[in-house]
Amino acid sequence: MIPFSVLDLSPIVEGSDAAQSLRNTLDLAQHAERWGFQRYWLAEHHGMAGIASAATAVVMAHVAGGTSRIRVGAGGIMLPNHSPLVIAEQFGTLESLFPGRIDLGLGRAPGSDQATARALRRDLHANPDEFPQDVVELMHYFQPVQEGQRVRAVPGAGLQVPVWILGSSLFGAQLAAQLGLPFAFASHFAPAQMLQAIAVYRSRFRPSAQLDRSHVMLGFNVFAADTDEEARLLSSSMQQAFVNLRSGRPSRLQPPVAGYEERLSPPERAIIEQTLTCSAIGSPDTVRRELQAFVDRTGADELMITSQIFDHQARLRSYEITASLQR
């Protein structure tokens, strides 16, 4: 098996709060480090009742400070919400505190609705089409300071912070290839263009100072348990989350519901079938087969595993099973 990493949204479950979610995040990260996962990434979302990782760099510091070896990263920072200099300073600070352990994944989606995006930015003049220029500017701040350079990132300048491009379309694939950066595709919730994006990225990749050959990481949902039946029950919390989100009523992560999919309308069932295509749900043997089939089909260099499970202990167990399949 190829390396596995963890994507955590620090889920806020029904009946709990963000403080407990962040404690669970650190606990999962510490287990993930012991189990041999490659990296632990957190995602930037805003105004979402069920996600506690909005202040992504702050949560990264919480995780990195409580672990010692695992790489800690952003999957990702939504760059249109920020100035490149601010992100360079934040991640320069993280790299200074935890040298050699920080990853910076960049995306161009808002990670929120339009009203929340406006509140974040104060206006919507930030143009997503300027994302490539913003990425280049941000990477420039990590270079050694040049004579006469007036704007510099302190901390940041001269630090080796690996930059990744995140995407769910061909745009991100093309940009990552052009800049010679590793590419992470959001196949765990937007798989439609996955194979085409991989092909575009690999065929157009140009080696860079950061990377000499293409590197594709794919998002993948895993709901692993001791039996197929238990795993299917656990996955119903994620199914509810997607149906609620796509129906315009995002919520905290709900408890699992037996037979949930059978109660859905055809449009709601289509939402789940579309968004959860890249998933493995079942016992260790079932998950092993589905993971291997996915790797064989895509040629992924690395998988970013996400397990949105209501019960924290069941979530730990799912990741423990997944980790065991790497060996």
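Residues numbered from 1 in each chain as written. Predicted model: local features only at pLDDT ≥ 70, side-chain atom pairs only at ≥ 80, totals over all residues. Heavy atoms only, no water.

## Considerations on the overall build of the protein chain
Working step 1: A count of helices and strands for the protein chain gives 11 helices and 9 strands.
Working step 2: Since a compact globule built from 327 residues should have a radius of gyration of about 20 Å, the 19 Å found for the protein chain is in line with a globular shape.
Working step 3: C-alpha atoms of the protein chain, sized along the principal axes, occupy 65 × 40 × 35 Å.
Working step 4: If you take every contact in the protein chain between residues at least 6 apart in sequence, the share linking residues at least 24 apart comes to 72%. (Helix = DSSP H or I, 4+ residues; strand = E, 2+ residues; numbered from the N terminus. Rg over C-alpha atoms; globule rule 2.2 N^0.38 Å. Contact = heavy atoms within 4.5 Å.)

## Some words on the packing of helix H3 (residues 84-97) against helix H5 (residues 131-141)
Working step 1: Between H3 and H5, the least distance of the axes is 9 Å, while the angle of their chain directions is 40 degrees. Between H3 and H5, the interaxial angle falls into the category oblique. Crossing of H3 against H5: the hand is right-handed. Taking contact as the criterion, the partners of Pro-84, Leu-85, Ile-87 and Ala-88 in H3 are, on H5, Asp-134, Glu-137, Leu-138 and Tyr-141.
Working step 2: Its residues assigned to classes, the contact of H3 with H5 comprises 6 nonpolar, no polar and 2 charged. (Axes fitted to C-alpha atoms, helices over the stretch in contact; angles between N-to-C directions. Parallel < 35°, antiparallel > 145°, perpendicular 65-115°, else oblique. Left-handed = near helix turned anticlockwise from the far one by under 90°. Nonpolar A, V, L, I, M, F, W, Y, C, P; charged D, E, K, R; others polar.)

## Overview of the pattern of salt bridges
Working step 1: Taken as a whole, this structure holds 8 salt bridges when the rule is applied.
Working step 2: Asp-103 is paired through a salt bridge with Arg-39; the nearest N and O atoms lie 2.9 Å apart. Here Asp-103, found in strand E4 (residues 102-107), pairs with Arg-39, found in strand E2 (residues 39-42); they are 64 residues apart in sequence, far enough to count as distant. Of the two residues, Asp-103 and Arg-39, both sit in the buried class.
Working step 3: Between Glu-268 and Arg-249 there is a salt bridge, with its nearest N and O atoms 4.0 Å apart. Here the residue Glu-268 occupies a position in helix H9 (residues 266-275), and Arg-249 occupies one in the loop between helix H8 (228-246) and H9, the gap between them amounting to 19 residues.
Working step 4: For Glu-268, a relative accessible area of 21% gives the class partly exposed.
Working step 5: Residue classification places Arg-249 among the partly exposed residues on the basis of a relative accessible area of 42%.
Working step 6: Several salt bridges converge on common partners, so that one network encompasses Arg-39, Arg-71, Asp-103 and Glu-302. (Salt bridge = Lys/Arg side-chain N within 4 Å of Asp/Glu carboxyl O. Buried < 20%, exposed > 50% of the residue type's maximum accessible area, 1.4 Å probe, protein only.)

## A word on the side chain of His-188
Working step 1: Relative to the helices and strands, His-188 resides in the loop between strand E6 (183-185) and helix H7 (194-204).
Working step 2: Not counting residues up to four positions away in its chain, the partners in contact with His-188 are Leu-7, Gly-219, Phe-220, Asn-221, Phe-242, Thr-275, Leu-276 and Thr-306.

## Remarks on the nonpolar core
Among soluble globular proteins, nonpolar side chains are generally buried collectively.
Working step 1: In terms of nonpolar packing, the biggest core is built from 72 residues, with Phe-91, Leu-104 and Leu-303 touching the most fellow members.
Working step 2: No other element matches helix H6 (residues 170-179), which puts 6 residues into this core. (Core = buried A, V, L, I, M, F, W, Y, C linked by side-chain atoms within 4.5 Å.)

## Observations regarding the packing of aromatic side chains
Working step 1: All told, the structure shown has 6 aromatic pairs when counted by the stated rule.
Working step 2: Here the aromatic rings of Phe-37 and Tyr-319 are separated by 5.8 Å at their centres, their planes lie at 80 degrees, and the arrangement is edge-to-face. Taken together, the residues span a long stretch of sequence, with Phe-37 in the loop between helix H1 (18-35) and E2 and Tyr-319 in helix H11 (residues 312-324) at a distance of 282 residues. The pair formed by Phe-37 and Tyr-319 is uniform in burial state, with each residue classed as buried.
Working step 3: Taken together, a centroid distance of 6.1 Å and an interplanar angle of 65 degrees make the contact between Phe-183 and Phe-185 edge-to-face.
Working step 4: Relative accessible area serves as the criterion here: at 2%, Phe-185 is assigned to the buried category.
Working step 5: Following the ring pairs from residue to residue traces out a cluster consisting of Phe-183, Phe-185, Tyr-201 and Phe-205.
Working step 6: Here the guanidinium or amino end of Arg-108 rests over the ring plane of Phe-171, the centre of that ring lying 3.8 Å away. (Phe/Tyr/Trp six-rings, centres within 6.5 Å; stacked < 30°, edge-to-face > 60°. Lys NZ or Arg CZ within 6 Å of the ring centre and 35° of its normal.)

These figures come from the coordinates and say nothing about function on their own.
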